[in-house]
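Here is how the chains run, residue by residue.
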Amino acid sequence: MKKGGTPDLLVVGGGVWGTWTALQARRLGASVQLIEEREPGHPQTTSGDHSRIIRHSHGEDTLLLGWAQRSLAAWKELGAQVGEEIFVNTGVAWFVSGTGVWEGSSELRMREVGVPCERLTVDEALRRWPAAAGDHVRYVLFEPTAGFLRAGDGVRAAARALHEEGGEIIRGRATPAADGTALDELGAPISAGATVWAAGPWLPTLFPALVGADAEASIVPTRRDAIYFDAPGMGLGEIPTWIDEGLAVWGIPDERGHGAKVGPEFDNGSFNPSEWPEAAHPGSIERARSCAVRFPRLSDAPIRESRACQHERTKSGHYVLDQHPDNPQVWLAGGGSGHGYKQGPAVGEMVARAALHRDPLVLPDRRFALHNRAGGPSSPMGDMGEPNS
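Residues numbered from 1 in each chain as written. Predicted model: local features only at pLDDT ≥ 70, side-chain atom pairs only at ≥ 80, totals over all residues. Heavy atoms only, no water.

Structural notes on the packing of aromatic side chains
Step number 1: On inspection of all chains with the given rule, the structure shows 10 aromatic pairs.
Step number 2: With 5.6 Å between their ring centres and 15° between their planes, Y319 and F368 make a pair best called stacked. Placement of Y319 in the loop between strand 19 (310–313) and strand 20 (320–324) and of F368 in the segment after helix 9 (344–356) is noted, with a sequence separation of 49 residues between them. Both residues of the pair, Y319 and F368, belong to the buried class. (Phe/Tyr/Trp six-rings, centres within 6.5 Å; stacked < 30°, edge-to-face > 60°. Helix = DSSP H or I, 4+ residues; strand = E, 2+ residues; numbered from the N terminus. Buried < 20%, exposed > 50% of the residue type's maximum accessible area, 1.4 Å probe, protein only.)

Observations concerning the packing of helix 2 (residues 62–82) against helix 3 (residues 101–113)
Step number 1: For the pair helix 2 and helix 3, interaxial distance at closest approach is 11 Å and the crossing angle is 55°. When the axis of helix 2 is compared with that of helix 3, the two are oblique. For the pair helix 2 and helix 3, the crossing hand works out as right-handed. Between helix 2, through T62, L65 and Q69, and helix 3, the contact on the second element is made entirely by R109, M110 and V113.
Step number 2: Residue composition of the contact of helix 2 with helix 3, by class: three nonpolar, two polar and one charged. (Axes fitted to C-alpha atoms, helices over the stretch in contact; angles between N-to-C directions. Parallel < 35°, antiparallel > 145°, perpendicular 65-115°, else oblique. Left-handed = near helix turned anticlockwise from the far one by under 90°. Contact = heavy atoms within 4.5 Å. Nonpolar A, V, L, I, M, F, W, Y, C, P; charged D, E, K, R; others polar.)

Some details on the sheet that holds strand 8 (residues 147–150)
Within a sheet, neighbouring strands are paired by backbone hydrogen bonds and run either parallel or antiparallel to one another.
Step number 1: Taken in spatial order, the three strands line up as 3-8-4 in an open sheet, and their pairing is antiparallel. Bordering the open sheet on either side are strand 3 (51–54) and strand 4 (87–88), each of which pairs with just one other strand.
Step number 2: Pairing between strand 3 and strand 8: four bridges, direction antiparallel. By the bridge assignment for strand 8, I53 is matched with F148.
Step number 3: Its contacts with the sheet place helix 5 (residues 151–164) against strand 3 and strand 8, and it is angled at close to 55° to strand 8. (Pairing = 2+ DSSP bridges.)

Brief notes about the environment of H50
Step number 1: Tracing the chain through its elements places H50 in the loop between strand 2 (32–36) and strand 3.
Step number 2: Put simply, H50 and R119 are 69 residues apart on the chain and 29 Å apart in space, counted from C-alpha to C-alpha.
Step number 3: For H50, the side chain forms a polar contact with the side chain of H258, separated by 3.4 Å.
Step number 4: A distance of 3.2 Å separates a polar atom in the side chain of H50 from a polar atom in the side chain of E305. (Polar contact = N/O pair within 3.5 Å; in protein donor to acceptor, adjacent residues only side chain to side chain.)

Concerning the pairing of strand 19
Step number 1: Residues Q310 and E312 of strand 19 are buried on one face, and the alternating residues H311 and R313, pointing to the opposite face, are buried as well.
Step number 2: Inspection of the sheet shows strand 13 (residues 220–223) paired to strand 19 by four bridges, in the antiparallel sense. Looking across to strand 19, one finds that R223 is bridged to Q310.

Some words on the sheet that holds strand 12 (residues 194–197)
Step number 1: Spatial ordering of the open sheet is given by 9-2-1-12-21-20, a layout of six strands whose pairing is mixed. Strand pairing shows two members of the sheet lacking a second neighbour, strand 9 (168–171) and strand 20, which therefore form its edges. Across this sheet, the average inter-strand angle for adjacent strands is 20°, counted without regard to direction.
Step number 2: In the sheet, strand 20 pairs with strand 21 (residues 327–334) via five bridges, with the strands oriented antiparallel.

Shown next, in the form of structure tokens:
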């Protein structure tokens, strides 16, 4: 494709979904332009933090379990292609201190499709990971082939692959016309065969009637923070990536000197992506400290770094992946709801195929639709936590 030419596909937004959509479209043989205001993998974006969990567990949701499998393979392939370790295989340990219904369903579905998992007693888990504590834990469900992704690095790697494979990345902004097609910063139409809007927290502003606050498929940028602790004995090889739905918290081992990451499932109100805070909210730090019941060394460990983070949340936790109602050549992709990063490759392939009419995936229900959303499990991530305004 010549620079400035009319691409088969225009993608607006260079986060993990937009970049992977552009890359998957290019691999389908399409000419592609990707527009991003900053740069793919920028630290002040939803996809730009140091790390994100990748897990197979999705309760009863076999669709997203399958997407997680496909995405993990794609992340590994991308890492090999660019010569970087994007996926880090720490395993994911679910400390079951709640009802265990969601984890039990996850275990059943993983075993049905042959995804490795182990059910450990509390004593077995504590022998493996001495830094942990077993208070109120019923058992531990361990996914040995899961772990975490180096998030910002992963998006940057996908963008480099897109460039090397012939895609075009343009720094700039776009806004939608009435029919969803893109306009440049001067208001002139941007010609493209099809357009995908993967603009993360800006989607509700760009398309208020479709995903704004009063829409059925509303997307709300919500603040959830991450705190990195200088905690001994909580590095790679010493603890797994871990999740405790009963405590509403998750964590990732210290790697590359960032600190042991703790993410409370605790909403700190709405998030304005144009005014990114420099550090985590005090409420998030307090919640993270309370996780010392699971990892006691967090109780007095110094904070090495903290980050304000955002989720683009839908009411159900299910994504928005659908055509614009006034233009079948325009697609919206958003509402990752805090669990969408890992599935960037699968989401990108699904959206690219649909937008380009290249053997599109037939979905089993309308969970991702803009209107008449229905089907799918109640939440693909377990308990999303209670909002706090």
